[in-house]
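Survey of secondary and tertiary structure
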Amino acid sequence: MKKIFNESPFITELSFHKIIEIWEGIAMDTTSYKSGHARKLLKGFYKLCETESLTAPDTLIFENPILADLLEELFPKSLTYHELKAVSTPFTTFFFHRSEGFARILDAAGIGYEPVISNISPDKFYILSCCVILKEVYAIAVDIEFPLIMNIPDQEGIMRHYKASYNLDFLEIKNTVYSKSLTTADVENLLNSRDNIALWKEMFPTGSWSIRGFMPVNLTDVTTETAISTLKSILVRPIDRDLDVQRQMLPLFRSIFNIVDLNGGFYLYDKEKSSFRMIHQFDYPKDVIDQDLESNPYFIEVLEDVAVSKKAFVISNMGNYDTGADGEIGRYFANRGILSCMFSPAIKDDMVIGIAFFFSSRKYAINAITEEKLMLILPILTDSINRVLMEMENEIEAVIQREYTSIHKSVYWKFREEVKKKIDPFSPLKANRETVVFEDIVFKDVYALYGQTDIKGSSERKNQAIVSDLKRQIGQIIALLLILEDSSPVPFFAQIRFMLERYEEALGKSFQNELEQLIQRYIENEVHPILKTVSTDHHCYGLVLDYLKLTDPKTGLFFQARKELDDSIMTINGALTALLDEKNQIAQQAFPHYYERFKTDGVEHNLYIGASIEPNRKFEKFYLDNLRLFQFETMCEMEHFHYKLCASLPCQLEVASLILVFNPPISIRFRMDEKHFDVDGSYNARYEIVKKRLDKALIKGTDKRITEPCKITIVYSRESDGIDYIKYAKYLQHKGLLLEQIEKIDVEDLQGVSGLKAIRVKLDLDYMIS
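Because the structure is a prediction, the values reported are computed rather than measured. (Residues numbered from 1 in each chain as written. Predicted model: local features only at pLDDT ≥ 70, side-chain atom pairs only at ≥ 80, totals over all residues. Heavy atoms only, no water.)

What follows is about the side chain of D601. Mapped onto the elements, D601 comes out in the loop between strand 16 (594-600) and strand 17 (602-609). On the accessibility criterion, D601 (19% relative accessible area) is buried. A polar contact of 3.2 Å, which involves the side chain of D601, links it to the side chain of K462. Not counting residues within four places of it along the chain, the set of residues in contact with D601 comprises T453, D454, I455, S458, K462, I569 and N573. (Helix = DSSP H or I, 4+ residues; strand = E, 2+ residues; numbered from the N terminus. Buried < 20%, exposed > 50% of the residue type's maximum accessible area, 1.4 Å probe, protein only. Polar contact = N/O pair within 3.5 Å; in protein donor to acceptor, adjacent residues only side chain to side chain. Contact = heavy atoms within 4.5 Å.)

We now examine the sheet that holds strand 7 (residues 171-175). The 3 strands are arranged 1-8-7 in an open sheet whose pairing can be described as mixed. On the outer flanks of this sheet lie strand 1 (10-14) and strand 7, each paired with one strand and no other. Pairs of neighbouring strands in the sheet enclose a mean axial angle of 20°, with direction left out of account. Looking at chain direction, strand 1 and strand 8 (residues 209-213) are connected through 5 bridges and run parallel. (Pairing = 2+ DSSP bridges. Axes fitted to C-alpha atoms, helices over the stretch in contact; angles between N-to-C directions.)

Attention now goes to unusual backbone geometry. Phi is positive for H97, close to 45°, though the residue is something other than glycine. Tracing the backbone through its elements, the reader meets H97 in the loop between strand 3 (95-96) and helix 4 (100-109). At D350, a position not held by glycine, the phi torsion is positive, near 65°. Inspection of the secondary structure puts D350 in the loop between strand 13 (340-348) and strand 14 (351-360).

Once that is clear, we can look at the packing of helix 10 (residues 297-309) against helix 11 (residues 327-334). With their axes 9 Å apart at the nearest point, helix 10 and helix 11 run at an angle of 110° to one another. Classed by the angle they form, the pair helix 10 and helix 11 counts as roughly perpendicular. The chirality of how helix 10 crosses helix 11 is left-handed. On the side of helix 10, the interface is formed by Y298, F299 and V302, while helix 11 contributes E328, I329 and F333. When grouped by side-chain class, the residues that make up the contact of helix 10 with helix 11 number 5 nonpolar, no polar and 1 charged. (Parallel < 35°, antiparallel > 145°, perpendicular 65-115°, else oblique. Left-handed = near helix turned anticlockwise from the far one by under 90°. Nonpolar A, V, L, I, M, F, W, Y, C, P; charged D, E, K, R; others polar.)

Right, let's get into the nonpolar core. In this structure, F95, F102, Y166, W200, F204, V217 and L219 are the most contacted members of the largest nonpolar core, which totals 44 residues. Of all the elements, helix 5 (residues 122-136) adds the most residues to this core, at 9 residues. Sequence-distant contacts of V217, defined by excluding residues within four places in its chain, comprise L84, K85, A86, F95, F102, A164, S165 and Y166. Of all hydrophobic cores here, the second largest spans 29 residues; its members include M342, I353, A365 and I377. (Core = buried A, V, L, I, M, F, W, Y, C linked by side-chain atoms within 4.5 Å.)

Quick look at the packing of helix 18 (residues 560-590) against helix 19 (residues 621-646) now. It is at 10 Å that the axes of helix 18 and helix 19 come closest, and there the two elements cross at 155°. Judged by the angle between their axes, helix 18 and helix 19 are roughly antiparallel. The hand of the helix 18/helix 19 crossing is right-handed. Across the interface between the two elements, T571, I572, A575, L576, L579, L580, K583, I586, A587 and A590 from helix 18 touch Y623, N626, L627, F630, T634, E637, M638, F641, H642 and L645 from helix 19. For the contact of helix 18 with helix 19, the residue count by class is 14 nonpolar, 4 polar and 2 charged.

What follows is about the pairing of strand 5 (residues 148-153). Within strand 5, 6 of the 6 residues are buried, leaving the element largely enclosed by the surrounding structure. Where burial is concerned, the two faces of strand 5 agree: the one with L148, M150 and I152 and the one with I149, N151 and P153 are both buried. Two elements, strand 4 (residues 116-117) and strand 5, share 2 bridges in a ladder whose sense is antiparallel. When the sheet's bridge partners are listed, V116 is paired in strand 5 with N151. Across 6 bridges, the pairing between strand 5 and strand 6 (residues 159-166) is antiparallel.

A word on the pattern of salt bridges. Taken as a whole, this structure holds 31 salt bridges when the rule is applied. As a salt-bridge pair, D195 and K124 come within 2.5 Å of each other at their nearest N and O atoms. In this pair, D195 sits in the loop between helix 6 (184-191) and helix 7 (197-203) while K124 sits in helix 5, placing the two residues 71 residues apart along the sequence. Between D261 and R362 there is a salt bridge; the shortest N-O distance is 3.8 Å. In this pair, D261 is assigned in the loop between helix 9 (243-257) and strand 10 (263-270) and R362 in the loop between strand 14 and helix 12 (368-404), connecting sequence segments 101 residues apart. R362 gets classed as partly exposed once you look at its relative accessible area, which sits at 31%. Salt bridges linked by common partners bring E13, E172, K174 and R212 together as one network. (Salt bridge = Lys/Arg side-chain N within 4 Å of Asp/Glu carboxyl O.)

Listed below in structure tokens is the structure:
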């Protein structure tokens, strides 16, 4: 006789005294129609007791007819085939007087198989046994209804799970010399310490209580519910290609579907690439399904049909699929011993994220009813896979932001692909997050377009603003000093005024940054300390306060002219970049391309277009021509917009625009150390050299810049490019953006660069931009 667990507070004894007491009561009731039957039963039982020990279960005859009659009220014969009932000695797995249904499942498990309680630990069961004592002996209203799950395999080896419901009505619990008498405080302490096994064993020592009687037990098949619950607990943990996780899942699926040879896996669906990838493969041999199954056209066709239709596809008999349109896939599976299978889409937020694939070597094992059962577990699997995908997406975003900073959406896919390769939780090559190294990302054979809208003379205007602020400040200080001298003739005031007048004279000459610093230090160290000593009752105090309010808190200098200039430049830059961003969004619709822009004293931008930027579409030269025209027109509109905006600004500023046409395709590389794109290779570096040196380029043989306000300058090296841009210019003249005249100029040789040419076209300022 095997106890459920070795340790227990009980010494158990099999006894039928409780049921005997019931029959004795019936026998004494002469009005009962069962009284004669009861007396006959009791006579047979008493006679049986003279010849056999009914307290030693190991010697008990399982199907003793006298015991069967004694227990007939508990086990109606009409239900014996379907109900799973038996009698056990208290808290053991020794079962006798089993119903036909109970005997059938135990016989299928094999000779000598003893059921295992799977959902409770030995400590928890010990505490539960103690709670039985509290309820039955101490009348404490403690909950002892705990579902015990028994695992019993069926004849095919599939593990079935049964909920065991025990009846305690036929038990008698008594204390022994080893029992401890509990006080109210002891009981309260126990109920507040449900997990303190040491305390429970102290209050209820092992074998300290006697329990005699028998326990009727009723089993209910809860295989599906238990397997689903276990599956949920497994899928709460992170899912990856861990073989242990896969091996744990397969028996659960087999239990749920009741198919001993069930197998299969889960295919992740990448909608962007229209591709499928196995992320969970259960336990089938490699010769059953080819390793390159994902590339099998017939198999992929089925997966694609399921993904598009969002409906399951079930084949219950592969023999029906060996001819016609489905013949190839039918023969493919049948030749590998797959005679029934099912494909079911995993859908989250109305999007297919994967396909669950199950198969069996038996016809009809998988069928439409199987699909209904799959609906019980597929949402769990879907949520688990989706959770991992979402976590991966969040990590990809975080890595891109950390490793690559802000990335334009046209090339985002490439960065995402690189990161995903490193951190994909389903990849067998998944790297350690702490040691992963991200490589530079390269786009080959792209065409570069560079544009610049520069605020002309911004450096000179900044110097002029500084001089204006300093002259105004010096003038106000001299005026204050003259007032102070009238009321307090102090020679030191005159000396300060003398120094300021000298600085004022110097500002009228060529400006140097060192002069600003000298004036600032002098005002800060010599002037402001004196002005701050003026008392509040001095008639000049209000004028001093008005002056100090105009100074910058950090530098102590006037900043009005510079602020007006800075505000004007910021407004121009903000407006031009907003227009450029808006126009580029439209250009992206024709063909995706990389776009970046920079704010300086004006706006610069780079465009890169080519097949490697958008590999899912065929790149034609037409798209390059279209983008060049679009850039040309956009820069014309930016200049028009500037002159419309300029009238409302405190500073009137002019801009000049430049386009560089660089015909040979180049490669660009995102450099991990510098966190930005740069040209790749020494040959391609010529493009960057030209860009940097064009800013100060002159018309050949003159001292004039190639750029002028109100004109668009296009620099090129190949004559064919010049011809193309003249065509673009004529189209824009037709639209009213440009005036008729087109200038052709040669560009002065730059260091390391020669042979550049340019065309210039003047804006038609009467053009009205919306």
